[in-house]
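Listed below are the residues making up each chain.
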Amino acid sequence: MKNNTNMKNLTFLVFSLFITSNLFAQKGLEITAGFTPGVSFILNDEDFAEGQSLNIQATFAYQTGLTIGYNFSETVGLATGFGVAALGQNYTTDYDNIAKDDQIKFDRKLTYLRVPVLLRVGGDPTAPTSAFFRFGPHFDFLSSAIGTNYGSVNNPTDNSTNYRDVNFFTGGNAEVYESFVLGLTLEVGGKIRISDQMGILLMFHLESSLLNTEGKDAANFNLFNSGVSGFPTSGTILDPERGTAWNMMAGLNLSFQYTLSFK
């Protein structure tokens, strides 16, 4: 009886060691360096309501960065890191009976330092190609916010406004853009296996802010700063209103991935 018990304990121990060794063999650190070119939008009701005086144009954007993740298994892991996101929106006037070369062009460019926290789910890591998915929040810290009026082709100008350095005529800095914005990232695509440690990711990238990207003074700072490029508002002059502005971007992510396995 005692021998049977010892045999069962030994079998259980061997089985446990086998499971544990396989589990740790699947774990590892995953280092990913990527670049995502795409198009971005700043969506706001007051901007849309401007019609011909604020016609939204296609806008190049990108985000790039380095993440370090910990894989709990061959298919599931969690990653964080740091990067840069350059977003914005191009505009042009689009008045009837005005020649194209006389239409005025301007833009808003926002640059953020980004810290993502992404859950990754992959397919069979031994296959030549497999599905790959990443999803999670990103924390954006505003680095720069610039608005530029370029004038028209026939009457060019270069009048830029640093939205982080705008003062009311009464004194004090205007909070035009929030210094911190919470967002959400979704990436869906695949992984091309190069070796057990290396791979290439190719994924469709979609992101959006979850909070208003503009500050408390975005609705009224233009009313008190003659000549400063501002934002259209609704409401009245004494009580201006401006709805939530959402940063959005769609693009194609290309990344190189290297895994350090724990054997």
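All values derive from a computational prediction rather than experimental measurement.

Some words on the nonpolar core
With 21 residues, the main nonpolar core has Tyr 163, Val 176 and Tyr 177 as its most contacted residues. Listing elements by their share of this core, those giving two or more residues are strand E4 (76-92), strand E5 (105-122) and strand E6 (129-151). If one sorts the elements of this core by residue count, E5 sits on top with three residues.

Comments concerning unusual backbone geometry
Of note, Asn 97 is a non-glycine position whose phi angle comes to about 65 degrees, a positive value. Following the sequence through the fold, Asn 97 ends up in the loop between E4 and E5. The class of Asn 97 is exposed, set by a relative accessible area of 83%.

Digging into a nonpolar patch on the surface
Together, Leu 29, Ile 31, Leu 66, Ile 68, Phe 82, Ile 194, Phe 256, Tyr 258 and Leu 260 line one region of the surface with nonpolar side chains, adding up to about 760 Å² of accessible area. Along the chain, Leu 29 turns up in strand E1 (residues 28-43). A residue is classified by how much of its surface remains accessible, and Leu 29, at 30% relative accessible area, is partly exposed.

Some details on the pairing of E6
The sheet contact formed by E5 and E6 spans 16 bridges and is antiparallel. Its bridge partner being in E6, Thr 111 is matched across the sheet by Ser 144. Where E5 folds back onto E6 in an antiparallel hairpin, the turn is made up of six residues. As paired strands, E6 and strand E8 (residues 180-193) are joined by 13 bridges and run antiparallel to one another. If you follow Thr 129 over to E8, its bridge partner there is Ile 192. Pairing of E6 with strand E7 (residues 156-162) involves five bridges; the strand directions are antiparallel. Directly across from Thr 148, in E7, lies its bridge partner Ser 160. Counting the residues that bridge the hairpin from E6 to E7 gives four residues.

Some thoughts on the confidence of the model for the protein
With 84% of its residues at a pLDDT of 70 or more, the protein shows a mean pLDDT of 86. Throughout residues 6-26 the model reports pLDDT below 50, and contacts reaching past four residues in sequence, or to other chains, amount to eight contacts.

Points about the pattern of salt bridges
Within this structure, the stated rule accounts for ten salt bridges. We note a salt bridge from Arg 120 to Glu 30, for which the minimum N-O separation is 2.8 Å. Residue Arg 120 is found in strand E5, and its partner Glu 30 is found in strand E1; the two are separated by 90 residues along the sequence. We classify Arg 120 as buried; its relative accessible area is 5%. The class of Glu 30 is buried, set by a relative accessible area of 6%. Notably, a salt bridge pairs Asp 47 with Arg 242, separated by 3.1 Å at the nearest N-O pair. With Asp 47 in helix H2 (residues 45-49) and Arg 242 in the loop between strand E11 (240-241) and strand E12 (246-261), the pair connects residues that are 195 residues apart, well separated along the chain. Arg 242 matches Asp 47 in its accessibility class, with the two residues each being buried. Through salt bridges that share partners, Asp 47, Arg 108, Glu 214 and Arg 242 make up one connected network.

The rules behind the values
- Residues numbered from 1 in each chain as written.
- Predicted model: local features only at pLDDT ≥ 70, side-chain atom pairs only at ≥ 80, totals over all residues.
- Heavy atoms only, no water.
- Core = buried A, V, L, I, M, F, W, Y, C linked by side-chain atoms within 4.5 Å.
- Buried < 20%, exposed > 50% of the residue type's maximum accessible area, 1.4 Å probe, protein only.
- Helix = DSSP H or I, 4+ residues; strand = E, 2+ residues; numbered from the N terminus.
- Patch = residues over 30% accessible without salt bridge, like charges linked within 9 Å, V, L, I, M, F, W, Y side chains within 5 Å.
- Areas by Shrake-Rupley, 256 points an atom, 1.4 Å probe, with all protein chains shown as cover.
- Salt bridge = Lys/Arg side-chain N within 4 Å of Asp/Glu carboxyl O.
- Pairing = 2+ DSSP bridges.
- pLDDT = per-residue confidence, 0-100.
- Contact = heavy atoms within 4.5 Å.

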